[in-house]
Amino acid sequence: MVQVIENLPRNLSVLDDIELRDARQDRDERMSILFRSWPSLSKLEMRELRKLSDERQRLARHVGIRRRLHALRAS
């Protein structure tokens, strides 16, 4: 069964912590499945993997920025 992953909003700030965690987890799980089939991925699956990777990096950058801002405010 293929899991449908919702598109990320343009502005990631609209997502709360739980939604960010779920978005990261969904992408990690799907990427893991695709990587297991690496040698035999179709062009469509490769495109999906690239998109997921780009989105995962975008999420990681956003979470990192939020953590740095939180740390600055706390000090």
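Up top is the structure these notes are about.
Keep in mind it's a predicted model, so treat the numbers as computed, not measured.

S.K.: Looking at this structure, I do not really get the side chain of Glu55. What am I missing?
M.R.: Within the fold, Glu55 resides in helix H2 (residues 43–74). Assessed through its relative accessible area of 11%, Glu55 is described here as buried. In contact with Glu55, not counting residues within four places along its chain, are Leu8 and Arg27.

S.K.: Would you explain a nonpolar patch on the surface in this entry?
M.R.: Together, Ile65, Leu69 and Leu72 make up a nonpolar patch on the protein surface, roughly 280 Å² of accessible area in all. Mapping Leu72 onto the fold places it in helix H2.

S.K.: Looking at this structure, how should I read H2?
M.R.: Residues three or four positions apart in an α-helix share a direction because the helix packs 3.6 residues into each turn. Here H2 contains 32 residues, and its C-alpha end-to-end distance of 47 Å stays within 8% of the 46 Å for a straight helix at 1.5 Å per residue. Of all the residues in H2, the buried ones are Leu49, Leu52, Glu55, Leu59, His62, Val63 and Gly64.

S.K.: Would you mind showing me how to read the pattern of salt bridges here?
M.R.: Charged atoms that come close allow side chains of opposite charge to pair. Summed over all chains, the structure comprises six salt bridges. A salt bridge links Arg66 to Asp17; its shortest N-O distance comes to 2.6 Å. One end of the pair, Arg66, is in helix H2; the other, Asp17, is in helix H1 (residues 17–36), and 49 residues separate them in sequence. Where Asp22 meets Arg21, a salt bridge forms, and the shortest distance between an N and an O atom there is 3.0 Å. Arg21 gets classed as partly exposed once you look at its relative accessible area, which sits at 42%. Each of Arg27, Lys51 and Glu55 takes part in a single network of salt bridges with overlapping partners.

S.K.: Any chance you could explain the environment of Val63 here in plain terms?
M.R.: Take Val63: it is sitting in helix H2. Val63 gets classed as buried once you look at its relative accessible area, which sits at 11%. On a C-alpha basis, the gap between Val63 and Glu6 in space is 18 Å, while along the polypeptide they are 57 residues apart. In this structure, Val63 is in contact with Leu20 and Arg24, ignoring residues within four places of it in sequence.

Conventions adopted
- Residues numbered from 1 in each chain as written.
- Predicted model: local features only at pLDDT ≥ 70, side-chain atom pairs only at ≥ 80, totals over all residues.
- Heavy atoms only, no water.
- Helix = DSSP H or I, 4+ residues; strand = E, 2+ residues; numbered from the N terminus.
- Buried < 20%, exposed > 50% of the residue type's maximum accessible area, 1.4 Å probe, protein only.
- Contact = heavy atoms within 4.5 Å.
- Patch = residues over 30% accessible without salt bridge, like charges linked within 9 Å, V, L, I, M, F, W, Y side chains within 5 Å.
- Areas by Shrake-Rupley, 256 points an atom, 1.4 Å probe, with all protein chains shown as cover.
- Salt bridge = Lys/Arg side-chain N within 4 Å of Asp/Glu carboxyl O.
- Expected span 1.5 Å × (residues − 1).

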